[in-house]
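# Fold and contact review
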Amino acid sequence: MKPFFLFVSFLATLSVFAQIPPVKVGAERTDCYLPLIEGKKVAVLSNQTGIVGNEHLVDVLVRNGINIVGIFSPEHGFRGNADAGEHVNNSIDEKTGIPIWSLYGNAGGKPSPEQMKQFDVLVFDLQDVGLRFYTYYISMARMMDACAETGKKMIVLDRPNPNGFYVDGPILDMKHKSGVGWLPIPIVHGMTPGELALMINGEGWLPEKRKCDLTVIPCENYTHQTLYELPIAPSPNLPNMQSIYLYPSVCLFEGTVVSLGRGTPFPFQVYGHPKYKGSTFCFTPQSMPGAKNPPLLNQRCCGVDLRNLPQSLIRKNGFDLSYVIDAYQNLQMGERFFTPFFEKLVGVDYIRRDIIAGKSAREIKAKWQNDVIRFKQQRKPYLLYAE
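Okay, so let's go over this structure. (Residues numbered from 1 in each chain as written. Predicted model: local features only at pLDDT ≥ 70, side-chain atom pairs only at ≥ 80, totals over all residues. Heavy atoms only, no water.)

The next thing to look at is empty space enclosed by the protein. For the structure shown, the criterion picks out one cavity of 30 Å³ or more. Within this model, the largest cavity holds a volume of roughly 30 Å³. Every residue along the wall of the largest cavity is listed here: Thr-49, Gln-127, Arg-159, Pro-231 and Ile-232. (1 Å grid on protein atoms, 1.4 Å probe; cavity = no way out; pocket = protein on both sides within 12 Å on 5 of 7 lines; lining within 4 Å. Points joined across faces, edges and corners; volume = space filled by probe spheres on them.)

Further remarks concern the pattern of salt bridges. Under the defined criterion, the tally for this structure stands at 20 salt bridges. Ionic pairing is found between Glu-343 and Arg-352, a salt bridge with its closest N-O pair at 2.6 Å. Across this residue pair, the class does not change: Glu-343 and Arg-352 are buried. Between Arg-374 and Asp-371 there is a salt bridge whose closest N-O contact spans 3.1 Å. You can see Arg-374 and its partner Asp-371 sitting in helix H13 (residues 369-379), three residues apart, about one turn around the helix. Looking at Arg-374, the relative accessible area reads 48%, which means it is partly exposed. Put simply, Lys-110, Asp-145, Glu-149, Glu-208 and Arg-210 are held in one network by salt bridges that share partners. (Salt bridge = Lys/Arg side-chain N within 4 Å of Asp/Glu carboxyl O. Buried < 20%, exposed > 50% of the residue type's maximum accessible area, 1.4 Å probe, protein only. Helix = DSSP H or I, 4+ residues; strand = E, 2+ residues; numbered from the N terminus.)

Quick look at the packing of aromatic side chains now. Within the structure shown, the criterion is met by 20 aromatic pairs. With centroids separated by 5.7 Å and ring planes inclined at 85 degrees, the aromatic side chains of Tyr-134 and Tyr-247 adopt a geometry described as edge-to-face. Within this pair, whereas Tyr-134 is found in the loop between strand E7 (121-125) and helix H5 (136-150), its partner Tyr-247 is found in helix H7 (residues 241-250), the two being separated by 113 residues in sequence. As far as burial versus exposure is concerned, Tyr-134 and Tyr-247 are alike and both buried. Pairwise contacts between aromatic rings join Phe-133, Tyr-134, Tyr-136, Tyr-247 and Phe-268 into one cluster. Stacked on the ring of Phe-266, the Lys or Arg Arg-307 has its end atom at 4.1 Å from the ring centre. (Phe/Tyr/Trp six-rings, centres within 6.5 Å; stacked < 30°, edge-to-face > 60°. Lys NZ or Arg CZ within 6 Å of the ring centre and 35° of its normal.)

Right, let's talk about the sheet that holds strand E1 (residues 41-46) for a bit. The seven strands lie next to each other as E5-E6-E4-E1-E7-E8-E11, forming an open sheet whose pairing is mixed. Only two strands of the sheet have a single partner each, and these edge strands are strand E5 (91-92) and strand E11 (213-217). Where E1 meets E7, five bridges bridge the pair, whose relative direction is parallel. If you follow Leu-45 over to E7, its bridge partner there is Phe-124. On the sheet, helix H6 (residues 193-202) packs against E7, strand E8 (153-157) and E11 and is oriented at approximately 155 degrees with respect to E11. (Pairing = 2+ DSSP bridges. Contact = heavy atoms within 4.5 Å. Axes fitted to C-alpha atoms, helices over the stretch in contact; angles between N-to-C directions.)

Function-wise, these values are silent; they only describe arrangement.
In structure tokens form, the structure reads like this:
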């Protein structure tokens, strides 16, 4: 009888999983947006993450007879293989022959007037990871502004936020506004691109409080507590979910002398420096695609390996300053540990000061709790999915 009961238990488990419908991203809901763009001249802002099943969004639209006049590409390019911050040139999509217009490294991230004249509707489809310093939402905001200025419609095909289950970190002090921080939002904002687009419009965050003619195609079967695993790496240095969950905290090393593993097979999953003491874990950053000239190139760095840290613990700790504090205390370099880029990432002045003063991660975290409470209240009218 025992094997029979095991089999029944197995079937019951299967039935539970079968009752959880898979997340359907906005791009998969073609019946909702194809009627809005039929007969129009269409531009697409997307990259390698704009996948609909096994096809790219551009191929789906072409197959459905949509007239795509141009493809805008964000940081890392249309195929997602350029370095962070690398200038990306205009080109032609080899598969379709459609022109690719780079938004990154050109004209402040906005399209040219000539490009804007060529289309009626812009379709946006990028997989974001929900961080203030991840630049895809900035490309979206700038494109919203360009569409608002020229009276063009914009359709956002929404995708889940893999870090959408929490809000954490200080709200950006706008004196630190930059290409890695564009809006008065926390480091971890917990919103999808579609929700954030609605908030940008609703809060008057576009220059001169312009409003974009915006339509969001929401995901189905998604809530903010859904642990959504990305089917495709969103950029070269976020290769897996471990790196995506660690990214909010480990990215701060970009504003220090410490390597976070760019130029290794495990970026954003380690940190180290040639003078880090007391560690047997070491790595050497090397030039590779997506990290052609990484920090501390060809220097042997020792430090901390986070690859086996349980993801449940990473999620529980949220935006965690303990890694940066550990490296700061270990290296004993004082102010030289930080670069001016640190404030652009954290968005406030007090975090550097508090780390130097010897405050704990928990003490510093307490300072931004009011920011989190205020922002959660402020964003409520724009949420499309249950919290």
